[in-house]
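Structural overview
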Amino acid sequence: MLTMTVYDTIPDNELVTKLVAGEEYAFAAIYLKYKSPVFSIVKKFVHAEELAEDLTQEAFIKLWESRNKLSDVQSLRAYLFTVAKNHTINSLKKTLQSDVAKTAILAAFPPGRNITEEHLINKEYSDYLQQQLAVLPERTREVFRQCREQYRTYDEVAKSIGISRNAVKKHMVNAVKHLSSAVQKDLGISLSVLLAIVLK
């Protein structure tokens, strides 16, 4: 089993080059480096650990299968997170086609709400998120979007905006606190569910 290799010290852009060339050790290094963060992203959407593990594995398989198209990728991290998120959301949509699964998912919503599959994925939720983001201070809104929509780290956002990492963390805490409270109160769902629906 591959553990520490020379690839661990190679920048992502060089790993991508080796991956495009079909070098399996580069792929293994990428897998070891990003397996945990990708799993964490998927787990926020599906909550079931075993399913999250399967979807994580499948996301890396998609990365390998599409390696010939990665030459122009600027950020391996962002690209991989996007692949994992999209694959997870598509899998959830397919699951919704099952009456049993749909019933289990909809059962999590408060009684009395006329929630259908269409409501789960329609524009209503996207509009709502934008409305809630609009009431946040501009800096807080920008930090949230960079962290959640662009999958940037706190350090990357801090450098991009020109503030400290601690300041970025405070903005995210405030944004998540506001959004979580509003989403739970107004829609009766968790923030993670809303983001899984609208951040496609």
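Residues numbered from 1 in each chain as written. Predicted model: local features only at pLDDT ≥ 70, side-chain atom pairs only at ≥ 80, totals over all residues. Heavy atoms only, no water.

**Observations concerning the confidence of the model for the protein chain**
Segments scoring low in pLDDT should not have their predicted coordinates read at a detailed level. In this model, the protein chain carries a mean pLDDT of 79, and residues with pLDDT of at least 70 account for 76%. Confidence scores differ between elements of the protein chain, with helix 6 (residues 117-121) showing the lowest mean pLDDT of 45 and helix 9 (residues 154-161) the highest of 92. Below pLDDT 50 for its whole length, residues 112-121 participates in 21 contacts with residues either more than four positions away or in separate chains. (pLDDT = per-residue confidence, 0-100. Helix = DSSP H or I, 4+ residues; strand = E, 2+ residues; numbered from the N terminus. Contact = heavy atoms within 4.5 Å.)

**Side note on the packing of aromatic side chains**
Both the distance between ring centres and the angle between the ring planes are used here to describe each pair of aromatic rings. As enumerated under the stated definition, the model contains four aromatic pairs in all. Measuring from centroid to centroid gives 6.5 Å for Tyr34 and Phe81, while their planes differ by 90 degrees, and the two rings are edge-to-face. Pair noted here: Tyr34 is in helix 2 (residues 24-46) and Phe81 is in helix 4 (residues 76-95), with a separation of 47 residues, a long-range link. Pair check on accessibility: Tyr34 and Phe81 agree, each one buried. (Phe/Tyr/Trp six-rings, centres within 6.5 Å; stacked < 30°, edge-to-face > 60°. Buried < 20%, exposed > 50% of the residue type's maximum accessible area, 1.4 Å probe, protein only.)

**Here we look at unusual backbone geometry**
Residue Tyr151 is not a glycine yet carries a positive backbone phi of 60 degrees. You can see Tyr151 is positioned in the loop between helix 8 (138-148) and helix 9. By relative accessible area, which is 8% here, Tyr151 ends up buried.

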